[in-house]
Amino acid sequence: MAGRVAGKVAFITGAARGQGRSHAVRLAQEGADIIGIDVCKQLDNVPFPMSTPEDLAETVSLVEKEGRRMLATQADVRDFAAVKAAVDAGVEEFGRLDIAIANAGLGNTGAPLAEMDEHLWQDMIGVNLTGVWLSAKAAIPHIQAGGRGGSIILTSSVGGLKAYPNVGHYVAAKHGVVGVMRTLAVELAHQSIRVNSVHPTQVNTPMVMNDATFRMFRPDLENPTVDDFAPLSQMAHMLPVPWVEALDISNAVLFLASDESRYITGLTLPVDAGSMLK
């Protein structure tokens, strides 16, 4: 079923690599042009290498290989002026906006909430919650102006539906995303703009596959590897897999972006290998 978003334009945050890149390429395969942003620099308190301008350029190249266009900008989702300027420039270039995917997210160090450093909390809430709202805020006027309806997809997590210890800042942010999603779904429904959230479990991306994650899951080992991480990660799932792939999330995003889900709004959609059953 090719061309499921043919002729449409999608705005995607966190597009340089990982899930964001996967979303950009998958929607391009189905006919969409892409407006993409990413911070493309290392942020404080993030214990693994973050994306680079070269990563974002590679996403552009991959989209173009699918025969579609992409306008990419380096921007921090906490900076509304920068996000708005990128979206405005993309709409000027492509002439419309139909889909917004607020995907950019931060993973930093954790601690019990009673002991957590305030800066860790503020950084997490700033990117994973406020940044999601600001990304939607920048996109909504353009989707409304088209008068054709549209689809907004917010990336939450299984941590947006249940709690985990020592990452309360992440859990709070991702639960907050659900509140933003449901409110926007109510506020925009009369214009046929649908708003939903996706809730991944562990995904095979640089944000998960790094030494800091391995140490968090295996503090009993001095230098844990991905092979040490895998069995503990699999214990979180009902299906016999330790993690899912970015493409698995992208296929769910594509469904929510397409007219196949034209009457679905306000939905929390887990892509979790059965994690929510545990």
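Residues numbered from 1 in each chain as written. Predicted model: local features only at pLDDT ≥ 70, side-chain atom pairs only at ≥ 80, totals over all residues. Heavy atoms only, no water.

Going by what an unreviewed UniProt entry lists, the protein chain is known as Mycofactocin-coupled SDR family oxidoreductase and is assigned to Amycolatopsis acididurans. According to its UniProt record, the protein chain has this under Sequence similarities (unreviewed entry): "Belongs to the short-chain dehydrogenases/reductases (SDR) family." (UniProt positions renumbered as here; feature names shortened; annotations may be inferred.)

### Notes on the layout of surface pockets
Estimated volume of the second largest pocket: approximately 220 Å³. Around the second largest pocket, the lining is made up of 13 residues, and of these R148, G149, G150, S192 and D259 lie nearest the centre. When its residues are assigned to classes, the lining of the second largest pocket shows two nonpolar, four polar and seven charged. (1 Å grid on protein atoms, 1.4 Å probe; cavity = no way out; pocket = protein on both sides within 12 Å on 5 of 7 lines; lining within 4 Å. Points joined across faces, edges and corners; volume = space filled by probe spheres on them. Nonpolar A, V, L, I, M, F, W, Y, C, P; charged D, E, K, R; others polar.)

### Quick look at empty space enclosed by the protein
The tally for this structure, following the rule as stated, stands at one cavity of 30 Å³ or more. The calculated volume of the largest cavity comes to roughly 40 Å³. Taken together, F11, T13, A100, I101, A102, S135, A136, I152, I153 and L154 form the lining of the largest cavity. Sorting the residues of the lining of the largest cavity by element identifies β1 (9-13), β4 (99-102), α4 (118-146) and β5 (150-155) as the ones contributing at least two each. (Helix = DSSP H or I, 4+ residues; strand = E, 2+ residues; numbered from the N terminus.)

### So, the sheet that holds β5
Strand order in the open sheet formed by seven strands is β3-β2-β1-β4-β5-β6-β7, and the pairing between neighbours is parallel. Two strands bound the open sheet, and with one partner strand each, they are β3 (70-74) and β7 (268-271). Shown here is a sheet whose adjacent strand axes are inclined to one another by a mean of 15 degrees, direction ignored. Direction of pairing for β4 relative to β5: parallel, over a ladder of four bridges. (Pairing = 2+ DSSP bridges. Axes fitted to C-alpha atoms, helices over the stretch in contact; angles between N-to-C directions.)

### A few points about helix α1 (residues 18-29)
With 12 residues, α1 extends 17 Å between its outermost C-alpha atoms, agreeing within 8% with the 16 Å of an ideal straight helix rising 1.5 Å per residue. Judged by how many residues are buried, α1 sits mostly within the fold: nine of 12 residues are covered. Turning to α1, its buried residues number three or more, namely Q19, G20, S22, H23, A24, V25, R26, L27 and A28. G31 sits one or two residues past α1 and shows a positive phi near 105 degrees. (Expected span 1.5 Å × (residues − 1). Buried < 20%, exposed > 50% of the residue type's maximum accessible area, 1.4 Å probe, protein only.)

### As for the packing of aromatic side chains
Think of a pair of aromatic rings as described by two things: how far the centres are apart, and how the planes are tilted against each other in angle. Applying the stated criterion across every chain yields a total of three aromatic pairs. Aromatic side chains F217 and F229 sit 4.8 Å apart centroid to centroid with 75 degrees between the ring planes, which places their arrangement in the edge-to-face category. Here F217 is found in helix α6 (residues 211-217), whereas its partner F229 is found in helix α7 (residues 226-234), with 12 residues between them in sequence. Of the residues examined, F217 reaches a relative accessible area of 25% and is grouped as partly exposed. Classification of F229 by relative accessible area gives buried; the value is 0%. Chaining the aromatic ring pairs together yields one cluster made of F214, F217, F229 and W243. Lying over the aromatic face of F80, K137 brings its terminal NZ or CZ to 4.7 Å of the ring centre. (Phe/Tyr/Trp six-rings, centres within 6.5 Å; stacked < 30°, edge-to-face > 60°. Lys NZ or Arg CZ within 6 Å of the ring centre and 35° of its normal.)

### Brief notes about the packing of α4 against helix α5 (residues 168-188)
Their axes nearest at 8 Å, the elements α4 and α5 cross at an angle of 20 degrees. When the axis of α4 is compared with that of α5, the two are roughly parallel. In this structure, the crossing between α4 and α5 has a hand that is right-handed. Taken together, the residues of α5 that come into contact with α4 (itself represented by L120, W121, M124, I125, N128, L129, V132, A136, I140 and Q144) are G168, H169, Y170, A172, A173, K174, G176, V177, V180, L184 and L188. Class assignment of the residues belonging to the contact of α4 with α5 gives a composition of 15 nonpolar, five polar and one charged. (Parallel < 35°, antiparallel > 145°, perpendicular 65-115°, else oblique. Left-handed = near helix turned anticlockwise from the far one by under 90°. Contact = heavy atoms within 4.5 Å.)

### Concerning the pattern of salt bridges
Per the stated rule, a full pass over the model turns up 11 salt bridges. The closest approach of N and O atoms between D220 and R218, which form a salt bridge, is 2.7 Å. The network of salt bridges with shared partners includes D33, R68 and R69. (Salt bridge = Lys/Arg side-chain N within 4 Å of Asp/Glu carboxyl O.)

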